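Summary of structural features
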Amino acid sequence: MSVDLQTVRRAARLARIYEPESRLESLARELNAILGWIDLLEEVDVEGVEAMTSAVELTLPLRDDVISDGGQAKAIVANAPQSADGFFVVPKVVE
Amino acid sequence: MTELTELTLSAARDGLVAKAFSSVELTAAFNDAIEAVNPILNAYVTTTPQKAMEMAEASDARRRCGAVGPLEGLPLGIKDLYCTQGVRTTACSRILGEFTPTYESTVTANLWRDGAVLLGKLNMDEFAMGSSNETSRFGPVINPWKRQESGNVALTPGGSSGGSAAAVAADLCLAATASDTGGSIRQPAAFTGTVGLKPTYGRASRYGMIAFASSMDQAGPIAKTVEDSAILLGSMCGHDPRDSTSLSLEVPDFAAAVKRGVKGLKIGVPKEYRVDGMPDEIEKLWHQGMTWLQDLGATIVDVSLPHTKYALPCYYIVAPAEASSNLARYDGMRFGTRAAGDTLTEVYEQSRAQGFGNEVKRRILIGTYVLSAGYYDAYYLRAQRVRTKIADDFKQAWQVCDALLTPTAPFAAFGIGEKSADPIQMYLNDVFTVTANLAGLPAISLPASLDAHGLPLGLQVIGRALDEETILAVGGALEAQAGFNAKPKKWW
Amino acid sequence: MPVHGYVGSMINFSIPNDLDIRAARPDQYVAGATGDWEIIVGLEVHAQVSAQSKLFSGASAAYGGAPNAHVSLVDAGMPGMLPVLNRFCVEQAVRTGLGLGAKINLWSRFDRKNYFYPDLPQGYQISQFAYPIVGEGSLNVDCDHGETVPIRIERIHLEQDAGKSIHDLDPNATYVDLNRSGCALMEIVSKPDIRSSEEAANYFKTLRALVRYLGTCDGNMDEGSMRADVNVSVRKPGSPFGTRCEIKNVNSTRYVALAVDYEARRQIEILEDGGTIIQQTRLFDVKTGKTRAMRSKEDAHDYRYFPDPDLLPLVLDQAWVDAIAASLPELPDAKKQRFKSEYGLSAYDASVLVADKDAADFFETAAKGRDAKLVNSWMTVELFGWLNKHDKDLAHSPVSAERLGELVELISHGTITGKIAKDVFARMIETGDAPAIIVEREGLKQETDTGLIEATVEALMAANPDKVEEARTKPKALGWWVGQLMKVTGGKASPAVINEVIKTKLGL
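These numbers were taken from a predicted model, which means no experiment stands behind them. (Residues numbered from 1 in each chain as written. Chains lettered and ligands numbered in written order. Predicted model: local features only at pLDDT ≥ 70, side-chain atom pairs only at ≥ 80, totals over all residues. Heavy atoms only, no water.)

1. Things to note about the overall build of chain A
- A tally of helices and strands in chain A yields three helices and four strands.
- In chain A, the succession of α and β elements from N to C terminus is α-α-β-β-α-β-β.
- A globule of 95 residues ought to have a C-alpha radius of gyration of about 12 Å, yet chain A, at 22 Å, is considerably larger.
- Overall size of chain A, expressed as C-alpha extent along the three principal axes, is 55 × 45 × 25 Å. (Helix = DSSP H or I, 4+ residues; strand = E, 2+ residues; numbered from the N terminus. Rg over C-alpha atoms; globule rule 2.2 N^0.38 Å.)

In structure tokens form, the structure reads like this:
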């Protein structure tokens, strides 16, 4: 499989990374080189093989429903580029 | 007398116990060395000399009261991937700006609990994506080693834990924390003549460690000796209820395993690790390693890991996919740098375009693409299934052997800029290391010889899940046999 | 299913042909210029789990609080932070599933839904996409048209809530409060079995009653504990389903009905003008009663779901599920049947009472060992009437269930008349006293002295021969006599004694 400019444009948009039109061509080339190499996987017979999502063969641990955190609004916004009255302040969102 | 900074971790510990010197003296020696050398090697991106002295003083005070932790008074360097409370943490990415955590990672908290001293934060590839430390926002780390015939060519220390490896090799800390997603501990260890150990996935907590690819990221030490790596590993590991993938197990006495010996062990040698174009010296070293182990009573068995060649392509789907999602939180909204823009979308796109370097962007785009509608099955799901087959290869091998012996990397340290033009050439660095990450297995790299250019070469030992003790025993045996004691010439 | 993996693709939702199975109800069709239209509705209800702490962090899940006060580093998506699942939330999802008679999946998994939004700190929402914790179930909904319609449930999954964006504090910026970020939601997804705005509203109401019975969600709509994404499409009767639009975050039963009505009308007008419906996400504006397309959702979204590598498969023990099943309270359907058989209530009366667990409990306390129908009528007419008039709910009733039961008992035993009982009830509301004490104190006991009544009847007969004549020709028309006697005795005369005396005196 190979990607075209539109696919690269779309991936960049989905990933919220600005890529100027002038960069798309070389990006597509880079991605295609990598994807072409990745295509090696097509020769593996994976019929009926379970997918491995974790290297730990355990099940999910559960915690008790107790309040053990929070109450640190100052720490939460301490590194914010912009904050006011304990809120994060972000560019205007139009719903 | 040996300079304090040249001591191994265990020798420094003994010296502190014997009151040959104090933690303050030891720490001051490192602070001085860092101040002198770091501008040249660029191993540290943040130094904390004052904090180090405070911690050393506190440690000496504890020692006077008889409260002595396993790492009491020992100065360490910390990869800039670990969140450290009140100390800037950036994963060497512009997007984190001056991010200063209000919290401490579990691994580093364990070190401070055990008495260690923080010297500073170590350089790395941006978000641990890279094998040469060239993707750092703070610029590359210079390998303390040089080719003997061309002293003016700067080499990379490998990556992503290039700062950790270089700092240990150049005596800028006793030992360092590092992290390994595809080989980021072991390959730089091999490039710098140091020991690097990646434990079983789940041994060390990922809480507070900036994520790259969650299903493979694992903390581990880079140190001067196998024993030092075992000591540091023992403090780093342990169950953490804040990490759902953390293993609820007691931490074994890793250091005790180092001298356990290899008599009666079966050591597997995977034929698929003989790759085209691998230098003869590495092939020779590998055989030398087999002989060393045989001489100590181990048996060498040939094994096959037939899906080895699919490991890197598999990794380059799984890791970018996870990274594309893990790095979504770096959006300029709650922390880090925010770029200007007229609309919310523009702010997002500009913050991330300006905040991430090219390699990180490339991987985010690949990860975004392989997870997107219509491609998920062909790429991501297929890769996860191939991953199962890779893990199964190892399970088969454990039927006939106790550990695997391989080279760590297919070549020695290379020059800065030599491989950065072609991403795939760079990715091939991890060809021998990435399988252990995919399967979640423990693996150690230790220096075993020098090549014709005078550069260190490493051997890797991979073990069964949870069996760090065996790889430490094999590593300890190889270390003793190799008698590797070369150090980089102090050209700085 | 094995512990650490799955075989299937993420996108394994084919369109099964059993989606469109409701029998037609032409009485619910909507008339358009070109003929009748049928409305198709499916609801995705987000019900916040009534937990102390969040789904994946130990921060408080309480409503409100100072900005970012109920936020952990995990909820804020800080670097290196990891989720740890809340057992109580898992239990409530299972409980809700069992309440809907649904399949409980012993193996489920959390996936990441990736998208950017300022109130989504991680850049993804942890949800369950491919393997939800609860599978198919069903909810019986009593509808205004008289039919009880089983609405099928597709699934329930657990997911994180997002934070809150506040747009009106600053004209040039949005403020974000993450207190809600990470709170546990159960997304309860219905099949498209709903065929009118009225059915949609009743489904939402019935589901709310159920989760309140189960105690898994407080159902508090003002605090956003229950919100619905309403999927609406229209079609000509007999045609395949049309293109649907999703109306996000509708937060009351009434708004659900209004949103469906408006949206169906909008779509019909477009289609009748020869247009086509574009699948889109819309918002219901409570001020205008209209829906509009959401600008923030204009981008084609591709959520890139994949299993969350920070979490492992959620594996439940059947014995644990069985124990939860054994602990379920009596649910509305069963209670309704029992109210009919045990108390002799009509289906209508029973369903009114069970619609609210508090009302059903109140009724049972009051009716225990008493005339249940009389209790029902006093409760629904007098008590609810007063509460409605004073805008109070049952929890704040000045008359307790026990006191109301005592009042009914006084009527049943003939101690007071129904007429006097209304006065007593009013005094109970004022004073909070027991009805027996009020009756005693104010001398309101029923007059059963036949001597006084006999004398009064005789006097009335003498003064009103025409009424005597009328009573003899129409023996059933005794209302005038009863009324006169009540007037004379101040309402305290026992109706039974009055009847007896009149009949004897008039020789009926």
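2. Remarks on the UniProt feature "domain: Amidase" (unreviewed entry) in chain B
- In the numbering used here, UniProt assigns the feature "domain: Amidase" (unreviewed entry) to residues 25–472 of chain B.
- The distance separating the terminal C-alpha atoms of residues 25–472 of chain B is 31 Å; by composition the span is 37% helix and 14% strand. (UniProt positions renumbered as here; feature names shortened; annotations may be inferred.)

3. Describing the UniProt feature "active site" (unreviewed entry) in chain B
Residue and element names in this part refer to chain B.
- In the UniProt entry, the feature "active site" (unreviewed entry) is given for K79, S160 and S184. The largest pairwise C-alpha distance within this set of annotated residues, which runs over 106 residues, is 11.3 Å, so the set is compact in three dimensions.
- With respect to the helices and strands, S160 occurs in the loop between β3 (117–122) and α5 (162–169).
- In this structure S160 comes out as buried when scored by relative accessible area, which is 0%.
- If sequence neighbours within four positions are ignored, S160 has contacts with K79, N123, M124, D125, A128, M129, G130, N133, S179 and S184.
- Note that S184 resides in the loop between β4 (175–180) and α6 (186–192).
- Excluding residues within four positions of it along the chain, S184 makes contact with K79, A128, G130, G159, S160, S161 and S179.
- A distance of 2.8 Å separates a polar atom in the side chain of S184 from a polar atom in the side chain of S160. (Buried < 20%, exposed > 50% of the residue type's maximum accessible area, 1.4 Å probe, protein only. Contact = heavy atoms within 4.5 Å. Polar contact = N/O pair within 3.5 Å; in protein donor to acceptor, adjacent residues only side chain to side chain.)

4. Side note on the packing of aromatic side chains
- Per the stated rule, a full pass over the model turns up 31 aromatic pairs over all chains.
- Relative to W398 of chain B, the ring of F394 of chain B lies with its centre 6.2 Å away and its plane at 25°, an arrangement referred to as stacked. One exposure class covers both F394 of chain B and W398 of chain B, and it is buried.
- Among the aromatic residues, those joined into a cluster by ring pairs are F99, F127, Y330, F335 and F356 of chain B.
- For K419 of chain B, the ring lying beneath its charged end belongs to F411 of chain B, and the centroid distance is 4.1 Å.
- Sitting over the ring of W37 of chain C, K236 of chain C keeps its end group 4.5 Å from the ring centre. (Phe/Tyr/Trp six-rings, centres within 6.5 Å; stacked < 30°, edge-to-face > 60°. Lys NZ or Arg CZ within 6 Å of the ring centre and 35° of its normal.)

5. Focus on the interface of chain A and chain C
- With 43 residues of chain A at the interface, the matching set in chain C holds 61 residues.
- In this assembly, chain A packs against chain C so that about 4,700 Å² is buried in total across both faces, 60% of it on carbon and sulfur atoms.
- The largest per-residue losses of area from chain A upon contact with chain C belong to L60, R63 and E95 of chain A, which jointly make up 17% of the total buried on that side.
- Run the count over chain A and chain C and you get two salt bridges.
- Note that R87 of chain C is salt-bridged to D64 of chain A, the shortest N-O span being 2.4 Å.
- Connecting chain A to chain C are 23 residue pairs in polar contact (both at pLDDT 80 or more).
- Secondary-structure elements contributing two or more residues to the side of chain A that touches chain C are α1 (5–14), β1 (51–52), β2 (62–63), α3 (73–77) and β4 (87–91) of chain A.
- At five residues, the largest contribution of residues to the side of chain A that touches chain C is made by β4 of chain A.
- Its residues assigned to classes, the side of chain A that touches chain C shows 23 nonpolar, eight polar and twelve charged.
- As paired strands, β2 of chain A and strand β4 (residues 85–86) of chain C are joined by two bridges and run parallel to one another. What sits directly across from L62 of chain A, in β4 of chain C, is L85 of chain C. (Buried area = accessible area lost by both parts, 1.4 Å probe. Salt bridge = Lys/Arg side-chain N within 4 Å of Asp/Glu carboxyl O. Nonpolar A, V, L, I, M, F, W, Y, C, P; charged D, E, K, R; others polar. Pairing = 2+ DSSP bridges.)

6. Thoughts on unusual backbone geometry
Residue and element names in this part refer to chain B.
- In this structure, S160 follows G159 across a cis peptide bond, with omega equal to 10°.
- A positive phi angle is found at F127, which is not glycine, with a value near 55°.
- The topology assignment puts F127 in the loop between β3 and α5.
- The backbone of D171 shows a phi angle near 60°, a positive value even though the residue is not glycine.
- You can see D171 is positioned in the loop between α5 and β4.
- By relative accessible area, D171 is classed as buried at 1%.

7. Considering the sheet that holds strand β11 (residues 456–463) of chain B
Residues and elements named next belong to chain B.
- The strand order across the open sheet built from eleven strands is β1-β3-β2-β4-β6-β5-β10-β11-β9-β7-β8, with neighbouring strands paired in mixed fashion. The open sheet has two edge strands with one neighbour each: β1 (44–47) and β8 (299–303). Recorded for the sheet is a direction-independent mean angle of 30° between the axes of neighbouring strands.
- Strand direction decides the pairing type here: strand β7 (residues 266–270) and β8, joined by five bridges, are parallel. Along β8, the bridge assignment pairs P270 with V303.
- Helix α4 (residues 106–113) contacts β2 (75–79), β3, β4 and β6 (218–223) of the sheet and is inclined by roughly 175° relative to β2.
- The sheet strands contacting helix α9 (residues 280–295) are β7, β8, β9 (403–407), β10 (443–450) and β11, and the helix crosses β11 at an angle near 55°. (Axes fitted to C-alpha atoms, helices over the stretch in contact; angles between N-to-C directions.)

8. Here we look at the packing of helix α10 (residues 418–431) of chain C against helix α11 (residues 435–442) of chain C
Residue and element names in this part refer to chain C.
- In contact at an axis separation of 10 Å, α10 and α11 are set at 110° when each is read in the N-to-C sense. With respect to α11, the element α10 is oriented roughly perpendicular. When the axes of α10 and α11 are compared, the crossing they make is right-handed. Counted together, V424, R427, M428 and T431 of α10 and P435, I438, V439, R441 and E442 of α11 form the full contact between these two elements.
- Here the residues of the contact of α10 with α11 sort into five nonpolar, one polar and three charged. (Parallel < 35°, antiparallel > 145°, perpendicular 65-115°, else oblique. Left-handed = near helix turned anticlockwise from the far one by under 90°.)

9. Here's the deal with the interface of chain A and chain B
- Listed per partner, the contact involves 52 residues of chain A and 61 residues of chain B.
- Here chain A meets chain B over a buried area of about 5,000 Å², counting both sides, of which 70% is carbon and sulfur.
- In terms of surface lost to chain B, no three residues of chain A exceed W37, L41 and M52 of chain A, which account for 15% of the buried area on that side.
- If you look at where chain A meets chain B, you find four salt bridges.
- When the shortest N-O distance is used, the salt bridge between K395 of chain B and E57 of chain A registers 3.1 Å.
- Linking chain A with chain B are 19 residue pairs in polar contact (both at pLDDT 80 or more), by the criterion used here.
- Looking at the side of chain A that touches chain B, the elements with two or more residues in it are α1, α2 (21–38), β1 and β4 of chain A.
- When residues of the side of chain A that touches chain B are assigned to their parent elements, the largest contribution, nine residues, is made by α2 of chain A.

10. Structural notes on the confidence of the model for chain B
- Predicted confidence across chain B gives a mean pLDDT of 97, with 100% of residues reaching 70 or more.
- Among the scores for the predicted complex, ipTM is 0.97 and pTM is 0.91. (pLDDT = per-residue confidence, 0-100.)

11. Some remarks on the pattern of salt bridges
- For the structure shown, the criterion picks out 69 salt bridges over all chains.
- For K224 of chain B, the salt bridge is made with D171 of chain B, and the minimal N-O distance between the two is 2.7 Å. With K224 of chain B in the loop between β6 and α7 (226–236) and D171 of chain B in the loop between α5 and β4, the pair connects residues that are 53 residues apart, well separated along the chain. Both residues of the pair, K224 of chain B and D171 of chain B, belong to the buried class.
- Of the charged contacts in the structure, one is a salt bridge between R109 of chain C and D111 of chain C, with a shortest N-O distance of 2.9 Å.
- A residue is classified by how much of its surface remains accessible, and D111 of chain C, at 0% relative accessible area, is buried.
- When salt bridges that share partners are traced, they join E6, D171, K224, K487 and K490 of chain B into one network.

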